[in-house]
Amino acid sequence: MFRGTPRPKPIEIKMMERHPLGSQAFMPLSAQRFLIVVAAGTDTPNPEDLRAFLSDGTQGVTYAKNVWHHPLLVLEEDSDFLIVDRSGPGENLNEIDLPLVDGEVITLDWA
């Protein structure tokens, strides 16, 4: 179980992570909207590879092994999630800082 807290708008996308040894799933339990940010699978994601999706809070997401994604982005009030993650030996987390675009951090805003 995980409780996500909303971030102020616009949301800054400064880093991405992936899990090289297994998938990771997030199932919302609070029916609150959340953002999903992923990038095409390369060794280093580029800002132009980023794609954002809005879950209506009834849809979960499973990140396949090695898929770059941003950590959970809750949009409304505190939201609970059931998380299914790999356990076992080995380091299952890679993180990378994203480069600035025209000197600016990548941000997401919405109505």
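A short tour of the structure in this document, coming up. Quantities reported herein were computed from a predicted structural model and do not represent experimental measurements. (Residues numbered from 1 in each chain as written. Predicted model: local features only at pLDDT ≥ 70, side-chain atom pairs only at ≥ 80, totals over all residues. Heavy atoms only, no water.)

**Observations concerning a nonpolar patch on the surface**
Part 1: Together, Met-1, Met-27, Leu-29, Leu-82 and Val-84 give the surface a local cluster of nonpolar side chains, amounting to about 500 Å² of exposed area.
Part 2: Here Leu-82 falls in the partly exposed class, since its relative accessible area comes to 39%. (Patch = residues over 30% accessible without salt bridge, like charges linked within 9 Å, V, L, I, M, F, W, Y side chains within 5 Å. Areas by Shrake-Rupley, 256 points an atom, 1.4 Å probe, with all protein chains shown as cover. Salt bridge = Lys/Arg side-chain N within 4 Å of Asp/Glu carboxyl O. Buried < 20%, exposed > 50% of the residue type's maximum accessible area, 1.4 Å probe, protein only.)

**Describing the sheet that holds strand S1 (residues 2–4)**
Note: strands within a sheet are paired through backbone hydrogen bonds, in either parallel or antiparallel orientation.
Part 1: Taken in spatial order, the four strands of this open sheet run S1-S10-S4-S7, and their pairing is antiparallel. Sheet topology places S1 and strand S7 (61–63) at the edges, where each strand pairs with a single neighbour. Within this sheet the neighbouring strands show an average axis-to-axis angle of 30 degrees, counted without direction.
Part 2: Of the pairings in the sheet, the one linking strand S4 (residues 24–28) to S7 comprises three bridges and is antiparallel in character. (Pairing = 2+ DSSP bridges. Helix = DSSP H or I, 4+ residues; strand = E, 2+ residues; numbered from the N terminus. Axes fitted to C-alpha atoms, helices over the stretch in contact; angles between N-to-C directions.)

**Notes on the nonpolar core**
Part 1: In terms of nonpolar packing, the biggest core is built from 13 residues, with Ile-13, Met-16, Val-37 and Leu-50 touching the most fellow members.
Part 2: Put simply, the parts of the chain that give this core at least two residues each are strand S2 (11–13), strand S5 (34–39) and strand S12 (106–108).
Part 3: It is S5 that provides the largest number of residues to this core, a total of three residues.
Part 4: Discounting residues that sit within four places of it in the chain, Val-37 has contacts with Ile-13, Met-16, Leu-50, Arg-51, Ala-52, Trp-68, His-69, His-70, Leu-73 and Leu-108.
Part 5: Among the nonpolar cores identified, the runner-up in size contains nine residues, and Phe-34, Val-38, Val-61 and Val-74 belong to it. (Core = buried A, V, L, I, M, F, W, Y, C linked by side-chain atoms within 4.5 Å. Contact = heavy atoms within 4.5 Å.)

**Observations concerning the packing of aromatic side chains**
Part 1: This model, assessed by the stated rule, comprises two aromatic pairs.
Part 2: When the centroid spacing of 5.1 Å and the interplanar angle of 90 degrees are considered together, the rings of Phe-34 and Phe-81 count as edge-to-face. Placement of the pair is Phe-34 in strand S5 and Phe-81 in strand S10 (residues 79–85), with a sequence separation of 47 residues. Taken as a pair, Phe-34 and Phe-81 share a single burial class, namely buried. (Phe/Tyr/Trp six-rings, centres within 6.5 Å; stacked < 30°, edge-to-face > 60°.)

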